[in-house]
Amino acid sequence: MDIDSDVPLKPAPLSIRNGPIDVNGNGKRKSRSSVGNVNYHESDGEDGRSTKRQRKVIVDDSDSDVPIRSKTRLPPAADETAVAEDSDDDVPLNQKLVDKRKSIDKAAEKDAKSIQSKAKKPTPKKAVKEESDDDKPLSGVKARKRAVNGTNGKAKSNGVKQEDSDSDTPMRKKVKAATPKTKAKAEQKPSAKKPPAKKAKKEQSEDPADVEDDEEEEYRWWDQAKSDDSIKWHTLEHNGVLFPPEYEPLPKNVKLVYNGTPVTLHVEAEEVAGFFGAMLNSTHNVENPVFQKNFFNDFKDVLKRTGGAKDRQGNKVDIKEFSKLDFQQIFEYYQGKSESKKARSKEEKAAEKAEKEELEGPFMFCKWDGRKEKVGNFRVEPPGLFRGRGEHPKTGKVKLRVMPEQVTINIGKEAQVPRPPEGHKWRAVQHDNKATWLAMWQENINGAYKYVMLGAQSTVKGQADLKKFEKARELKKHITKIRKDYERDLKAESMADRQRATAVYLIDRFALRAGNEKDAENEAETVGCCSLKFEHVTLREPNTVIFDFLGKDSIRFYDEVTVDRQVFKNLRVFKKAPKKEGDDIFDRLTTSQLNKHLSNYMPGLTAKVFRTYNASYTMQRLLNEVKDEPRTVAEQIKVYNDCNREVAILCNHKRTVGASHEAQMEKLADRIKGLKYQVWRNKQMMLDLDSKLKKKKGAAFFELDADLDEAWILEHQNFLVEEQRTKIQKKFERENQKLQEAGEKIMPDKDLKERLKDADELAKKFKKENKSKKVEAEGKAPTVEKIEANVKKIEERIRTVELQAADRDGNKEVALGTSKINYIDPRLTVVFANKFNVPIEKFFSKTLREKFHWAIKSVGDDDAWQF
């Protein structure tokens, strides 16, 4: 229900997170059956006049929430209003976020104007008649007719100047022009400090798989001009795909039990039963009624096809009820195999690893235009039970084994076609050099095609990443025009245009995904902006909008946002009766129509580019505000993560607080306390060496930290004793294992007992300290100076762990990885690392350094590159 109140307008646009509430409605989506059925005729009681477009628009805040309407208006019906709800969302932090967003938007507008003015100076264009409709009142714009679906004719572009700036230049030419500039900049500015990129390169070269390539000249594709973008390769060689091993039947004494009777199954049915039995410990899945139902239906089909189940005497057993199935024997068998695998010796593990590498080696790399490139997912997924994400309707169904006859190979004409497994053949072999996949097949669950592609660190993937971020950079030139147009169209005459403007506002300001039409029966019912339903949006006067729906990957999206007043009015109109639950809010807009409109501003512009642009541009502005002042590496990392967190919040990269979060925070707190206890003991050792220090440094310097009490100290001392005891035992076991493997005599248990006396001595020492309240100096030739230096080191460790704890707690509901990997231009991270002299390894793992190798190399030592 929408809520009205007399609460004053809140600043917009702003996202307010007050925490989750109960799911609104059933969260289900219907097909677009509501299109064409919703009647926007609205009656004033007597004249029954239509809300369809009229000749004139009266711009008035009191009634501008209806596209075309006589100014005369009756008060709202009783069911359209409700009692106000108190809200505590207008807190100083909100205002701070709004002010920051406004300053970023102003900066974006300033940058756009600067870019456009620079672009126009060197290449003056032929005079083009300007469209000046932006300066006219909407009522005066009569000649411009719009299509009902929000798209215009060939000659029109919704007020977008066809020759404005250089948006008609192909993207590849802009990338070509942009990259060498960065390179030149890097060459002109030599740096005295070691670039983190070199460290990353060093680590990469240590990988055994890359050793033979170290001497090869690096292929700097990011510095080269891109020719025909449609041709992906000229020569391509690879070894196909690696199929999973064949199924190993269960031992004869391990059976599926039905209603107390062990049953014998055909090997195919036994394999399917094993899928379920092996995952009994995954209660989230096996206790899910939908999962159980889908599995049982598929299992019965397999039984029917393979001759059913039989008891020990060979009598047929009719399996009708899932509840009577007992998989315990199967589960225990697979658990035993898992435990024995973990208990393998070091040599056994090494031998198995070597065998695996030998098997996978031929499939790991391909030859792409003569270059060795790593293949990403060369393994064909093994059969099993489909789990899906979120509340997927097909969870639990059987994923069938993929056979070579289903696989299509894509390879160069001159290359040798990989040989299929013995007795099989490929579905087809093709030579499509406009495709980047090496092999493909269709899976049986959703009928989706699976592709074998190059790895994330490959040239092709890198080029796609660069193109994505360059496209977002290109949007900087047009963002002011786009925002000006959709703000104007929020009061458009056409309902379709008004819906489109409102959708672009929400996508731009709150990073909503565009959303696509879904097959409710076969796909998870997830929602985006264009596919929002009546029940997904709740309005609260004067300008608060509550979103509650299943977003991408079936993750619940819940957010309260404050919007511009006109946007609020539009949403109220889009929800007006006769609309009801299940009806589309944007019933005159589809994602394809929206993207077609956006492409008028810039070639290739779609709704998803806004997320990349807003994330990268916001990160750039936040990093520009970071002052260059002395900080430790840990402090620099926290500064970067704080900026990343704001971007993640902007993009709604939320996650549920993990079950282990509290335990992890407690562990960090104990670690901090343990370090503080070390500081106190070391200070007491200083007093043991020189009692006059208490007078020199003051009694407060030697006092026990307020976080530590006697009970905790006793518990911690016991922990330290047990920890030392465990270390001694493990070391003794490792040494004995080495002796045994070498065929030598192992050490007797009495040697272990002798070693364990060290732990007993430590316990006695703690007991003595607790009694005397004094700590004797430890170590070889201890001095006050040595111990004081040690105190400073421990205090530095305390600060580092405290920063880690604060960072982890701040990230408990925010996923920083998604924004850093997918939406923030990686060159910004490289620039931050250069500017503040932080090793790039602190931000990018080895995998990410390989993925973003192009970014690290193209930026080089430059610390002034801008998005």
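Here the structure is shown first, and the text comes after it.
Residues numbered from 1 in each chain as written. Predicted model: local features only at pLDDT ≥ 70, side-chain atom pairs only at ≥ 80, totals over all residues. Heavy atoms only, no water.

(A) Just the overall build of the chain, in detail. Secondary structure assignment for the chain yields 24 helices and 18 strands. The burial tally for the chain puts 43% of its 867 residues in the buried class. (Helix = DSSP H or I, 4+ residues; strand = E, 2+ residues; numbered from the N terminus. Buried < 20%, exposed > 50% of the residue type's maximum accessible area, 1.4 Å probe, protein only.)

(B) How the structure looks around the pattern of salt bridges. In the structure shown here, the tally under the stated rule is 44 salt bridges. With its nearest N and O atoms 3.6 Å apart, the salt bridge here joins Asp-485 to Lys-481. Here Lys-481 and Asp-485 lie together in helix 10 (residues 479–489), a separation of four residues that amounts to about one turn. Under the relative-accessibility criterion, Asp-485 is labelled buried at 1%. Under the relative-accessibility criterion, Lys-481 is labelled buried at 13%. Via salt bridges that share partners, Lys-481, Asp-485, Arg-488, Asp-489, Asp-497 and Arg-500 belong to a single interconnected network. (Salt bridge = Lys/Arg side-chain N within 4 Å of Asp/Glu carboxyl O.)

(C) Inspection of helix 10 at higher detail. Of all eleven residues making up helix 10, eight are buried, and the element is well covered by its neighbours. Along helix 10, the positions that sit buried rather than exposed are Ile-479, Lys-481, Ile-482, Arg-483, Asp-485, Tyr-486, Arg-488 and Asp-489.

(D) Unusual backbone geometry, seen in detail. A cis amide bond, omega 5°, links Glu-541 with the succeeding residue Pro-542. Residue placement: Pro-542 occurs in the loop between strand 16 (537–540) and strand 17 (544–550). Here Ala-577 and Pro-578 are connected by a cis peptide whose omega angle stands at 15°. Examined against the element boundaries, Pro-578 turns out to sit in the loop between helix 12 (565–574) and helix 13 (591–598). Non-glycine residue Asn-259 carries a positive phi angle of around 55°. You can see Asn-259 is positioned in the loop between strand 3 (256–258) and strand 4 (261–263). Classification of Asn-259 as exposed rests on a relative accessible area of 52%. With a phi angle near 60°, Lys-773 is a residue other than glycine that sits in the positive phi range.

(E) The sheet that holds strand 8 (residues 365–368), seen in detail. If you trace the three strands from one edge of the open sheet to the other, you get 2-8-9, paired in antiparallel fashion. Whereas interior strands pair on both sides, the edge strands pair on one side only; in this sheet they are strand 2 (236–237) and strand 9 (371–374). Sheet topology note: the strand 8/strand 9 ladder contains four bridges and is antiparallel. For Lys-367, the partnering residue across the bridge sits in strand 9 and is Lys-372. Across the sheet, helix 8 (residues 346–364) touches strand 8 and strand 9, and the angle it forms with strand 8 is around 20°. (Pairing = 2+ DSSP bridges. Contact = heavy atoms within 4.5 Å. Axes fitted to C-alpha atoms, helices over the stretch in contact; angles between N-to-C directions.)

(F) Spotlight on the environment of Lys-765. Note on placement: Lys-765 falls in helix 19 (residues 749–772). Counting along the chain gives eleven residues from Lys-765 to Glu-776, while the straight-line C-alpha distance between them is 9.2 Å. What Lys-765 contacts, discounting residues up to four positions off in sequence, is Arg-681 and Glu-778.

(G) Structural detail: the packing of aromatic side chains. Taken as a whole, this structure holds 25 aromatic pairs when the rule is applied. An angle of 65° between the planes, with centres 6.1 Å apart, marks the rings of Phe-295 and Phe-327 as edge-to-face. Taken together, the residues span a long stretch of sequence, with Phe-295 in helix 6 (residues 289–306) and Phe-327 in the loop between strand 7 (325–326) and helix 7 (328–342) at a distance of 32 residues. Like Phe-295, the residue Phe-327 is buried in the burial classification. One Lys or Arg, Lys-372, reaches over the ring of Phe-365 and ends 4.3 Å from the middle of that ring. (Phe/Tyr/Trp six-rings, centres within 6.5 Å; stacked < 30°, edge-to-face > 60°. Lys NZ or Arg CZ within 6 Å of the ring centre and 35° of its normal.)

(H) Highlighting the layout of surface pockets. Looking at the second largest pocket, its volume works out to about 1400 Å³. Considering the residues around the second largest pocket, the lining is formed by 33 residues, among which Pro-245, Glu-246, Lys-337, Lys-341 and Pro-382 are closest to the centre. Put simply, the parts of the chain that give the lining of the second largest pocket at least two residues each are helix 4 (267–277), helix 7, helix 8 and strand 10 (384–385). Looking at the lining of the second largest pocket, the element that brings in the most residues is helix 7, giving seven residues. In the lining of the second largest pocket, the residues fall into 16 nonpolar, five polar and twelve charged. (1 Å grid on protein atoms, 1.4 Å probe; cavity = no way out; pocket = protein on both sides within 12 Å on 5 of 7 lines; lining within 4 Å. Points joined across faces, edges and corners; volume = space filled by probe spheres on them. Nonpolar A, V, L, I, M, F, W, Y, C, P; charged D, E, K, R; others polar.)

(I) Focus on a negative patch on the surface. Judged by side-chain charge, Glu-662, Glu-666, Asp-670 and Glu-715 come together as a negatively charged surface patch. The element contributing the most residues to the negative patch is helix 16 (residues 661–689), with three residues. Mapped onto the elements, Glu-666 comes out in helix 16. (Patch = residues over 30% accessible without salt bridge, like charges linked within 9 Å, V, L, I, M, F, W, Y side chains within 5 Å. Areas by Shrake-Rupley, 256 points an atom, 1.4 Å probe, with all protein chains shown as cover. Lys, Arg positive; Asp, Glu negative; His and termini not counted. Charge placed at Lys NZ, Arg CZ, Asp CG, Glu CD.)

(J) Representation of the sheet that holds strand 3 within the structure. Within the open sheet, the three strands sit side by side as 4-3-7. Their pairing is antiparallel. Each of the sheet's edge strands pairs with one partner strand only, and the pair in question is strand 4 and strand 7. Note that strand 3 and strand 7 share two bridges and pair antiparallel. By the bridge assignment for strand 7, Tyr-258 is matched with Leu-325.

(K) Summary view of the side chain of Thr-408. Counting through the fold element by element, Thr-408 comes out in strand 12 (residues 408–410). Among the residues examined, Thr-408 registers a relative accessible area of 3% and is labelled buried. Leave out the neighbours within four places in its chain, and Thr-408 touches Arg-427, Ala-428, Gln-430, Trp-437, Leu-438, Ala-439 and Met-440.

(L) Region of interest: the pairing of strand 14 (residues 439–442). Sheet topology note: the strand 12/strand 14 ladder contains two bridges and is antiparallel. Residue pairing in the sheet places Ile-409 in a bridge with Ala-439 of strand 14. With four bridges connecting them, strand 14 and strand 15 (residues 449–452) associate as antiparallel partners. Residue pairing in the sheet places Trp-441 in a bridge with Lys-450 of strand 15. From the end of strand 14 to the start of strand 15, which pair antiparallel, there are six residues, and Gly-447 there has a positive phi angle of about 75°.

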